[in-house]
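If you want the building blocks of each chain, they are given just below.
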Protein chains: 2
Amino acid sequence: MASSDEKMSRLLKLAQKFNSFYLTGFGRDEIRPFVVEGQQVGLIKPEVYKQLLRYPEVFCIRDSERCKQGIVELNPAFRDYTERSEKVDKILRELKSEGIFSALYGWRNEYYDVKSGHNSLLKMDRSATCLFGVRKYGIDINGYVKHPTWGLCLWLQQRSDTKETWPGKWDNMVGGGLSVGYGIKETAIKEAAEEASIPENLIKNLTSAGCVSFFFENEQGLFPNTEFVFDLELPIDFEPKNADGEVQKFELLPAGECLERAFGPEFKTTSCPVVIDFLIRHGFITPENEINFTQIVELLHVPLQTLYTYKSTKSLANNCENGHIKNLSS
Amino acid sequence: MASSDEKMSRLLKLAQKFNSFYLTGFGRDEIRPFVVEGQQVGLIKPEVYKQLLRYPEVFCIRDSERCKQGIVELNPAFRDYTERSEKVDKILRELKSEGIFSALYGWRNEYYDVKSGHNSLLKMDRSATCLFGVRKYGIDINGYVKHPTWGLCLWLQQRSDTKETWPGKWDNMVGGGLSVGYGIKETAIKEAAEEASIPENLIKNLTSAGCVSFFFENEQGLFPNTEFVFDLELPIDFEPKNADGEVQKFELLPAGECLERAFGPEFKTTSCPVVIDFLIRHGFITPENEINFTQIVELLHVPLQTLYTYKSTKSLANNCENGHIKNLSS
C-alpha cells in the first residue's frame, strides 16, 4: 500500500500480516461466496469446495449470474436452524475423521452461530468456521496500569501449551470468542473472571472502546475477525490469576516492550490488532512517530461488511464482485 | 449494508451519509484517476474532466490499458513542484472567474499540498481539492469534561456565519486542515490557541487518539477526508473563547445531547465521524446499545488507501519484460 519510496514500517508490515487475506487473497484464488437462505455468510477456497462437491445433497456448488466464479449454497430445502446445523455437523465429523483439514484437528465441541446480520441460520463447531470463511466475533480486554515510573503498561497473558489454537503464544490479558447464548459485555465479564480472576469491584470499570476488524489467512483457513474491544484500568497492586487452566502466565509490560513483543514470533498474530488499536487510542503510537499511521488505522478496521454482500435471486439482486469496491486501477 | 430485515439505526444512516461517495459513488459515475508524476493523487468526475479537456497543454485526458474509463494526467513535461503548481493555479483562476464550479466561489488564498505518500507534487488552492478528489487531511480536538452531574460532556463550536464552508453549522471544539509547512500536532496546538484560546497549561494534556477516514460527496465535489483525532480533557470551570473570528459560539453538551445535535441538519456533516468515534472510544456508544456497531466502526475508517493505487507506465518500469509491459488490467 505504501508507495515504494516510503519507509515500510514494522507496524505496517504487521498490519499487512494480519490482513494477509484482505490484501492479497482475493486476487489469488477462486473464492466462492457461501450462501445460506439466500444470504452470503462465508467465503470458500478451492481446496474446501472440492471436498464439499462430494456432498451434493447438502452443498450445491453452482454457477451464478451475479458471481462469475460461482457460489456454494447450503441446500435451500433444509427447513430450519436445527436441520441445517445437523446436516452440516454430520459432514464436518466425516471430514474430521478423514483428517483432510488440519483446522478440524482442533475440534472444539463448542458451537458457533453462523448469522446473517443478527439472524442465526445454523451452528457449526468453532474449529470449522475458518473452512467456510465465516465472520468470527470475539471480545478482548486491555488490562492496563498507569504506572508511576513505567508509564502506560499492559497486562499480557501467555496462552497455555495445551490450547487448541496458538498454544504457548502471548496474547491480550483477556480474550474469547462469542458463543451461542452470550451477549458481548456478558462474555467479556465471564472471560475476565475465568481467565484472569478479575473481581467484581474492578470489572465494574470495564469500558467499551470500539472494535477492530481484519482478515487473516493461514494454512488452516480464513479468519475474517471482528473483536469487540474493552479497556480496563487496573490498580498497580492487582495481579491477574488464571482460574480455568487456559493461561500459563501473566506479565505486566510497559507500552513499548508490549509492542516489541507483538512484533515477535511469540505473539498470537490475530491478537496484535487489539494491542495496536489500544496503543493508538492511548496516544503511544501517533502520526508523529509512525510514518504509516493512517494506513495502519485503516487496516485495523477493514470493511468486512463489503465482502459478504452476495444475495441469491430469492432475496434480492445484488452484484457480486467478491464484495470488493471496484478497484479503479484494474 | 445491513440486511433488509435489520433495523437501520440513525447512526448507520449518518455513517452512510458521510460516506455517500464511498458507498455509491463509484458505481454511478465514470470517475477517472488523476495522475501526477505517474502516481494517482485524485479522482475526477465527468463534469470536471469535461472542463479540463479545454486545457490539453496542462491536462492529458487519455485512455489507459490499466483503467478502462481512462485517466486524467497532469502534463508529465512539467519539471517540478513549482511549475506544476503554477500551471494548475492559472487554470483554476480562469475556472473561478468563469463561475462554473461552486467549489471555487469559496477561494481561500490558502494552499494545500497535493502529495503521493509523503512526497509533495504540487500545491493548489484549498477550495479546488474537492474538484480533483484529492485526499484531504485535517486535525480535530475533542474537548471533553467529566462532569460530576452530567457525566461525559463535549464542547462544540458553532462556526461563524462568514466561513467559506459550512457557515453557521455546529462543529467539534477545534478543527482545521493541515496546511503547507505545519506538522500534525503542531497544527492541532495552533488551532487550539486560535479557535478556542486553550492555554499552554491545558494543551499539554492533548492526546493523540487515532484518525477517522471517510469519503463524502456533495454538490461541490469529492471529500476523501482523513482527520487526525486528539482528545483533550478540560477542567469543569474552563470555557473556550474564540480568538480568530471563525467561531460564533461554544457550548458544552452531555454526550447524548451532543449526538442528537450531530443527527440534526445544523451539524457539519464531515465533522460527525469525529464525534461518533469519540463516543465509541469513550464507551458511550457500545455494541449493546447500537445494533449496527461493527458496520459503523468500519465506516469511520474506510480504506481510502485502496482507492488511490493507479500508477502509470513510467513507474511500472519494473514490470517490463522483453520491452513489453505486462498487461495488468485483467
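The rules behind each value
- Residues numbered from 1 in each chain as written.
- Chains lettered and ligands numbered in written order.
- Predicted model: local features only at pLDDT ≥ 70, side-chain atom pairs only at ≥ 80, totals over all residues.
- Heavy atoms only, no water.
- Salt bridge = Lys/Arg side-chain N within 4 Å of Asp/Glu carboxyl O.
- Helix = DSSP H or I, 4+ residues; strand = E, 2+ residues; numbered from the N terminus.
- Buried < 20%, exposed > 50% of the residue type's maximum accessible area, 1.4 Å probe, protein only.
- UniProt positions renumbered as here; feature names shortened; annotations may be inferred.
- Contact = heavy atoms within 4.5 Å.
- Buried area = accessible area lost by both parts, 1.4 Å probe.
- Polar contact = N/O pair within 3.5 Å; in protein donor to acceptor, adjacent residues only side chain to side chain.
- Nonpolar A, V, L, I, M, F, W, Y, C, P; charged D, E, K, R; others polar.
- Least-squares fit on C-alpha atoms with pLDDT ≥ 70 in both.
- pLDDT = per-residue confidence, 0-100.

1. Here's the deal with the pattern of salt bridges
Residues and elements named next belong to chain A.
- Scanning the entire structure with this criterion turns up 33 salt bridges over all chains.
- The residue D89 makes a salt bridge to R93 at a minimum N-O spacing of 2.7 Å. In this pair, D89 and R93 are both assigned in helix α4 (residues 81-98), four residues apart and thus about one turn of the helix distant.
- For D89, a relative accessible area of 14% translates into the label buried.
- The class for R93 is partly exposed, based on a relative accessible area of 36%.
- With its nearest N and O atoms 2.8 Å apart, the salt bridge here joins D171 to R159. With D171 in strand β9 (residues 170-172) and R159 in strand β8 (residues 151-159), the pair connects residues that are 12 residues apart, well separated along the chain. Residue D171 shares its accessibility class with R159, and that shared class is buried.
- Taken together, the shared-partner salt bridges in this structure form one network comprising K45, E47 and E217.

2. Describing the UniProt feature "domain: Nudix hydrolase" (unreviewed entry) in chain A
- Within this structure's numbering, the places UniProt gives as "domain: Nudix hydrolase" (unreviewed entry) are residues 136-280 of chain A.
- Across residues 136-280 of chain A one finds 24% helix and 42% strand; the C-alpha atoms that close the span lie 23 Å apart.

3. Re the interface of chain A and chain B
- Contacts between the two partners involve 49 residues from chain A and, on the opposite side, 54 residues from chain B.
- For the pair chain A and chain B, the summed buried surface comes to about 4000 Å²; carbon and sulfur atoms form 59% of the total.
- Where chain A packs against chain B, one counts two salt bridges.
- Notably, a salt bridge pairs E298(B) with R135(A), separated by 3.4 Å at the nearest N-O pair.
- Put simply, chain A and chain B have 16 residue pairs in polar contact (both at pLDDT 80 or more) between them.
- For the side of chain A that touches chain B, the secondary structure elements donating two or more residues are α6 (184-196), β11 (207-218), β12 (221-233), α9 (272-281) and α10 (293-299) of chain A.
- Of the residues that constitute the side of chain A that touches chain B, the class distribution is 19 nonpolar, 21 polar and nine charged.

4. As for the relation of the copies chain A and chain B
- With an RMSD of 0.0 Å, the fit of chain A onto chain B corresponds to turning through 180 degrees and sliding 0.0 Å along the axis. Such a combination of rotation and displacement between the chain copies is what one expects of a two-fold axis.

5. Some details on the confidence of the model for chain A
Residues and elements named next belong to chain A.
- Looking at chain A as a whole, the pLDDT averages 90, with 92% of positions reaching at least 70.
- Below pLDDT 50 for its whole length, residues 1-6 participates in 13 contacts with residues either more than four positions away or in separate chains.
- Within the model, the stretch residues 315-330 combines pLDDT values under 50 with 44 contacts to residues more than four positions away or in other chains.

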